Amino acid sequence: PISILLILAALTFWLRYATDLAETHGDGKHRHDPDYIVTDATIRKVGPSGNLQYTLFADEIRHYPDNDTTEMDSPKLVYLHPSKPPVTISAVHGHLSPKGERVDLSEKVEMQRAATAKQQPLSLETPQLTVLTNEERAFTKSPVLITQGDSWVRGVGMQVDNKLQTYLLESAVTGQIESHTSKKKR
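What comes next concerns the included structure. Not measured: the values here are computed from a predicted model. (Residues numbered from 1 in each chain as written. Predicted model: local features only at pLDDT ≥ 70, side-chain atom pairs only at ≥ 80, totals over all residues. Heavy atoms only, no water.)

Some points on the overall build of the chain
Phase 1 of the analysis: Helices and strands together make up the secondary structure of the chain, namely two helices and 11 strands.
Phase 2 of the analysis: In the chain, the order of α-helices and β-strands from amino to carboxyl end is α-β-β-β-β-β-β-β-β-β-β-β-α.
Phase 3 of the analysis: Projected onto its principal axes, the C-alpha coordinates of the chain cover approximately 115 × 40 × 25 Å.
Phase 4 of the analysis: Across the 186 residues that make up the chain, the buried fraction comes to 29%. (Helix = DSSP H or I, 4+ residues; strand = E, 2+ residues; numbered from the N terminus. Buried < 20%, exposed > 50% of the residue type's maximum accessible area, 1.4 Å probe, protein only.)

Things to note about empty space enclosed by the protein
It is the rolling of a water-molecule-sized probe over the atoms that shows where space remains empty.
Phase 1 of the analysis: Summed over the entire model, instances satisfying the criterion amount to one cavity of 30 Å³ or more.
Phase 2 of the analysis: The computed volume of the largest cavity comes to approximately 50 Å³.
Phase 3 of the analysis: Here the residues of the lining of the largest cavity are counted per class, giving seven nonpolar, one polar and two charged. (1 Å grid on protein atoms, 1.4 Å probe; cavity = no way out; pocket = protein on both sides within 12 Å on 5 of 7 lines; lining within 4 Å. Points joined across faces, edges and corners; volume = space filled by probe spheres on them. Nonpolar A, V, L, I, M, F, W, Y, C, P; charged D, E, K, R; others polar.)

Considering the nonpolar core
Phase 1 of the analysis: Judged by nonpolar contacts, the single largest core of 26 residues is most densely connected at Ile89, Leu129, Val131 and Met158.
Phase 2 of the analysis: Only strand E2 (52-64), strand E4 (76-79), strand E5 (87-90), strand E7 (102-113), strand E8 (122-132), strand E9 (137-148) and strand E10 (151-161) provide two or more residues apiece to this core.
Phase 3 of the analysis: In contact with Ile89, other than residues within four places in its own chain, are Pro75, Lys76, Leu77, Leu105, Val109, Glu110, Met111, Leu129 and Val131. (Core = buried A, V, L, I, M, F, W, Y, C linked by side-chain atoms within 4.5 Å. Contact = heavy atoms within 4.5 Å.)

Next comes the structure, spelled out in structure tokens:
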């Protein structure tokens, strides 16, 4: 009788562990569903001194709690400086990092720098651009087209520094630069 009880006890423990299902949580933390959706959104970043660093607009923003990321439809990032021309960067889609320090833009990315007294407006087109918002820098490994007036430059890969207002194309660079002095002589 004791051996039968031991066999039944062993079978009971085996049956318990063999049929034990993983515990599933019903809180939704492991699903990739947005916890909030905002339409016609405006996000403003103010610096430590209280001045506005940039404004980010989007038709729709979706935040996902499982990886703390934010996806945007039709994002538009605007840098306004008192001493520099305004710069606007727009795209069809955007992805914002958890702390907002990086924005990955994709599909029809366009950057516009307004005209100044000495410079014509500058336009840039690329299929993908990563913007480091706090540093006011951007980069891509994709093809880029930059136009300013009748001048244009095309290349693959680019680094932008908005503070210094520099645009560095990395490879396969071709272009045509029109001089203002040559136009005046015509």
